Amino acid sequence: MELSAGEIAKIKMLDNGCSVTTPVTLQVISNLQPFGNQNAGPLRFRCMASDGEQSIVMVLPVHLTALVDEQKICRYTVLKVQRYNFTKKKGPNDQMMSFIIVGDAEIVGTATDKLGSPEKLGMGSAAQPSAMAAPQQPQQQQSAYQPPPQPQPQQQQQQQNYGNSSFMSRVEESKPNAYSGGAMAPVHTGNAPILHPIKDLNPYHNRWTIRARVTQKSAIKSWNKPNSQGRLFSVNLLDDSGEIRATAFTQQVDRLFPMLEAGKVYYISNAQVKMARTQFSTLNNQYELTFDDSTVVEQCVETTGVPQEQFNFIPLANLMNHEKNSIIDVLCVVRDIGDLTEITPRNGPADRKMIKRELTVVDRSGYQVRLTLWGQEATEFSLPKDSIVAFKGVRVGDFGGRTLSLPSIGAMTANPDISEAHMLRGWYDSTGRDSAYQAYDGVAGGAGSGAAVRQDQLKTMAQVRDENLGGSDQPDYFTVKGTVVFIRSTSLAYPACASPDCNKKAIEDSMTGQWRCEKCERSFAAPDYRYIFSVNVSDETGHNWMQCFNDIGEKLLGCPASEMVRLQQTDDVAFTQKINEATFQEMVFRCRAKSETFNENTRVRISIMNMNPVDYVAESRRLNKLIESFSI
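Residues numbered from 1 in each chain as written. Predicted model: local features only at pLDDT ≥ 70, side-chain atom pairs only at ≥ 80, totals over all residues. Heavy atoms only, no water.

Enquirer: Whenever I open this one, the overall build of the chain confuses me. Can you help?
Expert: Counting secondary structure elements, the chain contains ten helices and 34 strands. Expressed as a percentage of its 632 residues, the buried residues of the chain come to 44%. Taking contacts inside the chain between residues at least 6 apart in sequence as the whole, the part at least 24 apart equals 65%. A total of about 32700 Å² of accessible surface is found on the chain, and carbon and sulfur atoms cover 47% of it. (Helix = DSSP H or I, 4+ residues; strand = E, 2+ residues; numbered from the N terminus. Buried < 20%, exposed > 50% of the residue type's maximum accessible area, 1.4 Å probe, protein only. Contact = heavy atoms within 4.5 Å. Areas by Shrake-Rupley, 256 points an atom, 1.4 Å probe, with all protein chains shown as cover.)

As structure tokens, this is what we get:
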């Protein structure tokens, strides 16, 4: 194995921030150590690298971390570095540190000892790797505009709690007219700058210019906290290599909000590159940009090669393959539009209200799902039924099987001009409009009543047991057709708070006879009883205990829980008759199985999410197809 002798000496002569794509072969000559703040993002490793003559600090990319953990990259491993950035910074005691940030590399092999005789790092040319453990924030590059020398105003650092970051110190108030508030972005003139791909942006390379399209632009939002207040807006930027989110705060909002328009292409430089805050972004990028005073934005007239938008559409039939809170894109038809409703958040103050609107959407996979819009998106939604909509960045929920929700960081595009949307429109107009759709709550859409389920979703009680559904860390969802053979009626309901949207248990005050909810801090003359009980459901292969909550209890018993509690206390005959009427009904149950631990004992609890009477016509067709599949 031969190293690229003499290359490190050439690397150290490069300009700070230089990006290199010429391969170089180096050897790891030290133990690998974690790099940077491990709580701020994905784990990376650093080491000393040698070309046989000299050595330099090398920082490995995130995608090679697994190879370090597996000991495939270790001391004396030889790497062929495909591309890297060279960076010099002042370290402790004002000593210069030289290091390379690797973009991509491949393993050549592992030697038994050090190759060559590399010189030790001189303290004047580079720092020891221990000095790299906590890299400083990249120095801010100055903008092309240089104001005349004048006394600077007193600088102040405005702290803001949005993602635990801080504003940079304010620079001179003197700015050119092109950057005045309310101005549109100036059009770039002259030769095109040297471009940097979005996918290669990182905090250790601050001399770059990207050409990107604004695919999404948020509204201006405000925050007001005891120790900070301000405004912000964000944009999603796209080029042919990837996407990245960029945010402007407070003073930059007035300057940049009118400059950036969705759909247009811009040259952007001099922004801070930071670790992405995943709670605020749905993009597949570990970094994000923060615009500041020196950020330069120029409109690009030549847009060839810049894509319009990037989607990764997931069929609705595959939602069960994605975990709760996963972020996905879907392309679907709006089948039904619900009314605006106002709710009180479960964990928020009682006077806080949220507005939502529920849509029923379908696609070519034959499934329908409930998709919820919130706030401004809900109130301003004005599309008619049967519209084609591309939803980007929707969050997957598991209530009732699977649901979707559009968060504030997501986006929707009506009737997008893409081939997938045209194909969906043609299919829906020809056959999809009159089709029946399978819902994740066990109810079939379209004509007919009752529950029609697909064969691949239907489980028997034996399969539920043999496949150990609910035995993993994540809940499992399944559909079963069975008969209620027993209802545990000794305890059917619990006294709940009478406040709307609050289901907490109420406690009776023996002194006053009032019922009090500790969450709402209110008292009531009587509680609002809610069902919670178990039933035993059986089919031809076995039986299982299942838990029923309020909605299911009302469906099964045919009356509210308060009525059943009254009958249980005053009319035992009528109470028993209600129980008997609900027993031995054959239903299709949509269930969730999940492991729960209580007193160090773990068991699988099966909860009924929805249930409906069997559609015997659809069931006969299913059985007929099943018989035909045996080729008898």
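Enquirer: Sorry, what's going on with helix α9 (residues 572-582) here?
Expert: Turning to α9, its buried residues number three or more, namely F575, I579 and A582. Projected down its long axis, α9 carries its buried residues within an arc of 65°, all on one side. For α9, exposure combined with an orientation more than 90 degrees from the buried face picks out V573 and N580. The secondary structure elements touched by the buried residues of α9 are β25 (476-487), α7 (550-557) and α8 (561-570). Downstream of α9 by one or two residues, F584 has phi in the positive range, about 65°. (Arc of directions from axis to C-beta.)

Enquirer: What is the right way to look at the sheet that holds strand β27 (residues 507-508) in this model?
Expert: Backbone hydrogen bonds hold the strands of a sheet together, and the pairing may be parallel or antiparallel. Strand order in the open sheet made by the three strands is β27-β28-β29, with antiparallel pairing throughout. Pairing within the sheet leaves two strands with one partner each, and these edge strands are β27 and β29 (522-524). (Pairing = 2+ DSSP bridges.)

Enquirer: Can you walk me through a nonpolar patch on the surface in this structure?
Expert: A cluster of nonpolar residues, V485, F486, W545 and F584, forms a patch on the protein surface that exposes about 420 Å² of accessible area. For F584, the location among the structural elements is in the loop between α9 and β33 (586-598). On the accessibility criterion, F584 (61% relative accessible area) is exposed. (Patch = residues over 30% accessible without salt bridge, like charges linked within 9 Å, V, L, I, M, F, W, Y side chains within 5 Å. Salt bridge = Lys/Arg side-chain N within 4 Å of Asp/Glu carboxyl O.)

Enquirer: Got a minute to help me understand the pattern of salt bridges in this structure?
Expert: Within this structure, the stated rule accounts for 22 salt bridges. Across the pair R433 and D386 runs a salt bridge, and its minimum N-O distance is 2.7 Å. With R433 in the loop between α5 (419-430) and β23 (438-439) and D386 in the loop between α4 (375-379) and β20 (388-397), this residue pair connects regions lying 47 residues apart in the sequence. D386 sits in the partly exposed class, given a relative accessible area of 21%. Where E596 meets R605, a salt bridge forms, and the shortest distance between an N and an O atom there is 2.8 Å.

Enquirer: Explain the pairing of β20 to me, please; I cannot follow it from the model alone.
Expert: Regular strands place side chains that alternate from one sheet face to the opposite one. In terms of burial, β20 is a largely internal element, nine of the ten residues being buried. Both strand β16 (residues 327-337) and β20 contribute to a ladder of six bridges, which runs antiparallel. Opposite I328, over in β20, you have V394 as the bridge partner. Bridging between β20 and strand β22 (residues 411-414) involves four bridges; their strand directions are antiparallel.

Remember, this is a structural readout, not a statement about activity or role.
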